[in-house]
Amino acid sequence: MAHRWTNTLTRADVTPEPLWLNRRQVIAGALGAGAMASIASPAMAETLEPNTWEHITSYNNFYEFGTDKEDPAANAHRLNTSGWEIEVDGLVDAPGRYSLTSLLEGLSEEERIYRFRCVEAWSMVVPWNGVELKDILDKVGVQSGAKYVAFETANRPDEMPGLRYPVLDWPYREGLRLDEALHPLTLMAMGIYGKPIPNQNGAPIRLVVPWKYGFKSIKSIVRITLTDQEPATSWNMANAREYGFYSNVNPTVSHPRWSQASERKIGGGLFNRRQPTLMFNGYEAEVADLYKGMDLTTYF
Amino acid sequence: MLIQWINTGLRKIPTWVLYLILPIPGLMAIAAGLTDNLGPEPINELEEELGEFALKLLILGLAVSPLLHFTRINLVRFRRAIGVMAFAYVTAHFLVWFVIDLQGLNQIWTEIVKRPYVTVGFAGFVAMIPLAITSNDLSVRRLGRFWRILHRLTYLVAILAGLHFILLSKGFDVEALAHMVVILAFLALRVNKWRRGLQSGLQGLRKKFVG
């Protein structure tokens, strides 16, 4: 069942393809949109402009393809995503090795325009296409004892040159609490701007959890495990002091290396201003209830 | 033979040429930033390019002595220009961070105190200031022996710069570690020399007063 969550951003917030091809024209487009603002919905007052396809697909953290931002775009073509399979195991009614097509069969795909906030204090706005994770979990049948969902990224050294270096303990692992996984905001994305998601962005299927730092949104998923224990997650394993299991976007909890109070939205040029970071990345109304009574400085 | 030929060639190059050549990569990066050619996140990119080039110049400066010792290639004449340009790059790197990245005077002290990578990087920058100020013939003459001792700070600066790179990298960063290995190798070569110098100095003293 889709459309549990209604986007405050609309199709009108997406820069049309001919416009994002040229930044100057995008600025002109924004002026045009401003002229229409009087007849548009109040949500448009947010003036969130999705990033260009070029920026979204050329500035990536995907360490399996190298640690520089431009490495994934340069190297990810080596990943073969055809015939993709996902192992679903643990506390599920129907475990097994699913082909991506069979896992997605019958599920309704929709567009979600989300803010995307990296722990490195930069951000983007991305128009994703995908299905709610809940729909996939409903399909495989979550058993009553399950409390967490664990994910794993593909681990193919021949296709992912970054795996030669022990930057992290491979394969990349992430996890969510079950209620977070079932939240209507939590998406499994297969597309961006209505096109198939490029490899550097996590083809053929990736997680998108918009109220958490970007590294939680694990890419190129090959395994989904339902478990009753909090799963080990890669960045937490590498440096538990800096990266917690929850990693919710929170401007009041500072990271040892980056102030999380502000962020810089990609695409503003050399004199781009920082903007204040929003609690839960602006999704406080939707997700704050999940963490009621939790001390978010302890469970960061 | 080859070495002699190289050294003869090097002697023909006036040192001021370095002050013209070495700024080029930095100026090109700044020009690229101003013309929207530094990628999606030009502020970080410019910071990184200036910082990395500064670190490479620092390492090149450290390489001058071992290069002379092991290969007889003589770059000693150029060492001041290399050092001064390294300082210029570090200053530019600092200014980009402070003026266009941080965007606020009220934040700078918090950042310096709270973030170890900034603390270490800033300490390296500060340690370079006396070196830059004394990079002239007058200071060399005035300070005499003390000038050589003062300029051993270069090793501390290089270590702080290498550590800054390691601390700001996420995860296990091979590139940052490789830079540090090179810096420590040069330091190890020096420490040996200093120890020998110290030992022979002590022996001299002993002969003078004991023997």
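To start, this report covers the structure provided alongside it. Here the structure is a predicted model, which means the values were calculated and not measured.

Cut-offs used in this document
- Residues numbered from 1 in each chain as written.
- Chains lettered and ligands numbered in written order.
- Predicted model: local features only at pLDDT ≥ 70, side-chain atom pairs only at ≥ 80, totals over all residues.
- Heavy atoms only, no water.
- Core = buried A, V, L, I, M, F, W, Y, C linked by side-chain atoms within 4.5 Å.
- Buried < 20%, exposed > 50% of the residue type's maximum accessible area, 1.4 Å probe, protein only.
- Contact = heavy atoms within 4.5 Å.
- Pairing = 2+ DSSP bridges.
- Helix = DSSP H or I, 4+ residues; strand = E, 2+ residues; numbered from the N terminus.
- Axes fitted to C-alpha atoms, helices over the stretch in contact; angles between N-to-C directions.
- Patch = residues over 30% accessible without salt bridge, like charges linked within 9 Å, V, L, I, M, F, W, Y side chains within 5 Å.
- Areas by Shrake-Rupley, 256 points an atom, 1.4 Å probe, with all protein chains shown as cover.
- Salt bridge = Lys/Arg side-chain N within 4 Å of Asp/Glu carboxyl O.
- Lys, Arg positive; Asp, Glu negative; His and termini not counted.
- Charge placed at Lys NZ, Arg CZ, Asp CG, Glu CD.
- Phe/Tyr/Trp six-rings, centres within 6.5 Å; stacked < 30°, edge-to-face > 60°.

Quick look at the nonpolar core now. Counting residues in hydrophobic clusters, the biggest one holds 80 residues, and the most contacted among them are Trp128, Phe151, Met188, Ile205, Leu207, Trp211 and Ile224 of chain A. Look past the residues within four positions of Leu207 of chain A in its chain and what remains in contact with it is Leu133, Phe151, Leu176, Thr186, Leu187, Met188, Lys216, Ser217, Ile218 and Ile221 of chain A. Counting 52 residues, the second-largest nonpolar core is a separate cluster that includes Leu270 of chain A together with Leu38, Ile59 and Ile82 of chain B.

Residue and element names in this part refer to chain A. Read across the open sheet, the five strands follow the order β2-β1-β10-β5-β6; overall the sheet is mixed. Two strands lie at the open edges of the sheet, namely β2 (96-99) and β6 (173-177), each paired on one side alone. Going across the sheet, the axis of each strand differs from the next one's by a mean of 20 degrees, ignoring polarity. Where strand β5 (residues 148-153) lies against strand β10 (residues 221-227), six bridges are found, and the strand directions are antiparallel. Its bridge partner being in β10, Val149 is matched across the sheet by Leu226.

On to a positive patch on the surface, then. All names here are of chain B. Together, Arg79, Arg145, Arg148, Arg152, Lys193, Arg195 and Arg196 make up a positively charged patch on the protein surface. Those elements that provide at least two residues to the positive patch are α9 (145-150) and α11 (174-209). Ranked by residue count, the leading element in the positive patch is α11, at three residues. With respect to the helices and strands, the residue Arg195 is situated in helix α11. Residue classification places Arg195 among the partly exposed residues on the basis of a relative accessible area of 47%.

Turning to unusual backbone geometry, a few remarks are in order. Residue and element names in this part refer to chain A. With an omega of -5 degrees, the peptide bond running from Trp170 to Pro171 counts as cis. Inspection of the secondary structure assignment puts Pro171 in the loop between β5 and β6. Along the chain, Ala203 connects to Pro204 via a cis peptide bond; the corresponding omega equals -5 degrees. If you trace the backbone, Pro204 turns up in the loop between β8 (195-196) and β9 (206-208). For Ala121, which is not a glycine, the phi torsion comes out positive at approximately 70 degrees. Following the sequence through the fold, Ala121 ends up in the loop between β3 (110-117) and β4 (122-132). The residue Phe280 is not glycine, and still its phi comes out positive at about 50 degrees. By the element assignment, Phe280 lies in the loop between β12 (275-276) and α9 (284-287).

To continue, consider the side chain of Asn272 of chain A. Along the polypeptide, Asn272 of chain A turns up in the loop between β11 (262-265) and β12. Beyond its immediate chain neighbours, meaning those up to four positions away, Asn272 of chain A contacts Arg264 and Lys265 of chain A together with Ile43, Ile100 and Gln103 of chain B.

What follows concerns the packing of aromatic side chains. Following the criterion strictly, the structure yields 20 aromatic pairs over all chains and no others. Between Phe215 of chain A and Tyr243 of chain A, the ring centres sit 5.4 Å apart and the planes meet at 85 degrees, which makes this aromatic pair edge-to-face. Here Phe215 of chain A, found in the loop between β9 and β10, pairs with Tyr243 of chain A, found in the loop between α8 (234-238) and β11; they are 28 residues apart in sequence, far enough to count as distant. Its relative accessible area of 1% is what places Tyr243 of chain A among the buried residues. Plain terms: the ring middles of Phe87 of chain B and Phe125 of chain B are 6.0 Å apart, the flat faces sit at 10 degrees to each other, and that makes the pair stacked. In this pair, Phe87 of chain B is assigned in helix α5 (residues 79-102) and Phe125 of chain B in helix α7 (residues 116-133), connecting sequence segments 38 residues apart. On the basis of relative accessibility, which here comes to 12%, the residue Phe125 of chain B falls in the buried class.

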